[in-house]
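# Architecture and fold: a report
Here's the letter readout for the chains.
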Amino acid sequence: MPFSPFRAVVFDFFGTLTPAVPSQVRDEHAARSAAPLGIDAQRWRRAWDESWPERAVGGLGDLRETVTALAARCGVTDPDQGALWRACEARRAAQHELFEARPDALRVLESIRRRDVRIGVLSDCSAELADHWALVPVARWVDTAVFSCREGRRKPDPALYAEVARRLGVTPEQCLYVGDGDSRELGGAAAAGMTAVQLRAEDWAEHETYDRESDWTGRRATALAQIATGLDYPVVLQPEHEQPPTGPSPFPPQPAVQTVQQPKPGRRRPWR
């Protein structure tokens, strides 16, 4: 009878539990929050990108403080308060669009929980995700979430991996870590004692990341469903494994749908 050697799975958030975010999407999001402040969209986008190391550890404060600080760096030192509010709301709305889960993420998380395996999230993120975590679709299946902006440190800092394991009530050696490789997270997880798996989904190349481990040669998966199967059949996650998993599906069978054959119409109508 197959069983999981792991007591917990720790997931990265962006690009792992959520779909890829291409650069053009980030451009469009930046343009939304730049407009109320009268700042050039590309300049505004650069300000956000360049401030990532600060924002990821909470160095610029909450969203309002962050927008105010970045506006000053772009030459707008005393923004109109209405414009500042609209810029913050545009940024918040854009970020919430990025919190939507991958189509199979909720089923995978539910499947993992059915195995009595705990689930953690470890994310390098700014305040927007941490402040609104309870509203994120995957949050209901997650036992604990550790955010870099709240901890004041970023991956691959070993203290982050130790903290998420502590909150889950397990040792790092009992954790499977899953991420796309952003911020050298996989090497950090492995160094902390976790078993690291890179998720290289079909949109992996489109996702804009910070210091990604494109050279990762360890365990990998091409879909989240392989993580659930790989808990019982670790061979699925081995680098040389290229075939679909041969073990049972991690999801319960769906009831068959009874269909009644309809008579063919005498004339086909175009779809509209």
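Details of the structure are given in the entry above.
Below you will find a few notes about this structure. (Residues numbered from 1 in each chain as written. Predicted model: local features only at pLDDT ≥ 70, side-chain atom pairs only at ≥ 80, totals over all residues. Heavy atoms only, no water.)

### Section: the overall build of the protein chain
In terms of helices and strands, the protein chain carries 11 helices and six strands. The burial tally for the protein chain puts 47% of its 272 residues in the buried class. Restricting the contact set of the protein chain to residue pairs at least 6 apart, pairs at least 24 apart contribute 65%. Total accessible area on the protein chain is roughly 14200 Å²; 51% of this is exposed by carbon and sulfur atoms. (Helix = DSSP H or I, 4+ residues; strand = E, 2+ residues; numbered from the N terminus. Buried < 20%, exposed > 50% of the residue type's maximum accessible area, 1.4 Å probe, protein only. Contact = heavy atoms within 4.5 Å. Areas by Shrake-Rupley, 256 points an atom, 1.4 Å probe, with all protein chains shown as cover.)

### What to know about the packing of helix α2 (residues 41–50) against helix α4 (residues 63–73)
Where α2 contacts α4, the two axes come as close as 10 Å, and the packing angle between them is 120°. By the criterion of interaxial angle, the relationship of α2 to α4 is oblique. For the crossing formed where α2 meets α4, the hand is right-handed. Judged by residue contacts, R43, W44, A47 and W48 of α2 engage L63, T66, V67, L70, A71 and R73 from α4. Among the residues forming the contact of α2 with α4, the class breakdown is seven nonpolar, one polar and two charged. (Axes fitted to C-alpha atoms, helices over the stretch in contact; angles between N-to-C directions. Parallel < 35°, antiparallel > 145°, perpendicular 65-115°, else oblique. Left-handed = near helix turned anticlockwise from the far one by under 90°. Nonpolar A, V, L, I, M, F, W, Y, C, P; charged D, E, K, R; others polar.)

### Things to note about the sheet that holds strand β4 (residues 175–179)
Taken in spatial order, the six strands of this open sheet run β3-β2-β1-β4-β5-β6, and their pairing is parallel. A single partner strand is all that each edge strand has here, and the edge strands are β3 (144–147) and β6 (219–221). Taking each pair of neighbouring strands and ignoring which way they run, the sheet shows an average axis angle of 25°. Sheet topology places strand β2 (residues 118–123) next to β3; four bridges connect them, and they run parallel. Note on β3: the bridge partner recorded for L122 is V146. (Pairing = 2+ DSSP bridges.)

### A look at the packing of aromatic side chains
Going through the model one piece at a time under the given rule, you end up with seven aromatic pairs. Three or more aromatic residues joined by ring pairs make a cluster, and in this case those are F13, F14, F99, W133 and F147. When the ring centre of W204 is taken as reference, the NZ or CZ atom of R200 above it lies at 4.0 Å. (Phe/Tyr/Trp six-rings, centres within 6.5 Å; stacked < 30°, edge-to-face > 60°. Lys NZ or Arg CZ within 6 Å of the ring centre and 35° of its normal.)

### Observations concerning the side chain of H29
Residue placement: H29 occurs in helix α1 (residues 23–34). Note on H29: relative accessible area 9%, which makes it buried. Setting aside chain neighbours within four positions, we find H29 in contact with A94, E97 and L98.

### So, empty space enclosed by the protein
Scanning the model with the defined rule gives one cavity of 30 Å³ or more in all. Quantified by volume, the largest cavity comes out at close to 70 Å³. Around the largest cavity sit W48, R55, G58, L60, G61, D62, L63, T66, S126, A127 and E128, which together line it. Only α4 and α7 (127–131) provide two or more residues apiece to the lining of the largest cavity. Grouping the amino acids of the lining of the largest cavity by side-chain chemistry returns four nonpolar, four polar and three charged. (1 Å grid on protein atoms, 1.4 Å probe; cavity = no way out; pocket = protein on both sides within 12 Å on 5 of 7 lines; lining within 4 Å. Points joined across faces, edges and corners; volume = space filled by probe spheres on them.)

### Quick look at the nonpolar core
Core analysis: the largest hydrophobic core is formed by 41 residues, its most contacted members being F11, F13, I112, W133 and I227. Only β1 (8–11), α6 (105–114), β2, α7, β3, β4, β5 (195–199) and α11 (225–232) provide two or more residues apiece to this core. Per-element tally for this core: the top contributor is α6, with four residues. Setting aside anything within four residues of it in sequence, one finds I227 in contact with V9, F11, I112, L176, V178, V197, A221 and L237. In this structure, L37, L63, A71 and C88 belong to the second largest nonpolar core, which totals 17 residues. (Core = buried A, V, L, I, M, F, W, Y, C linked by side-chain atoms within 4.5 Å.)

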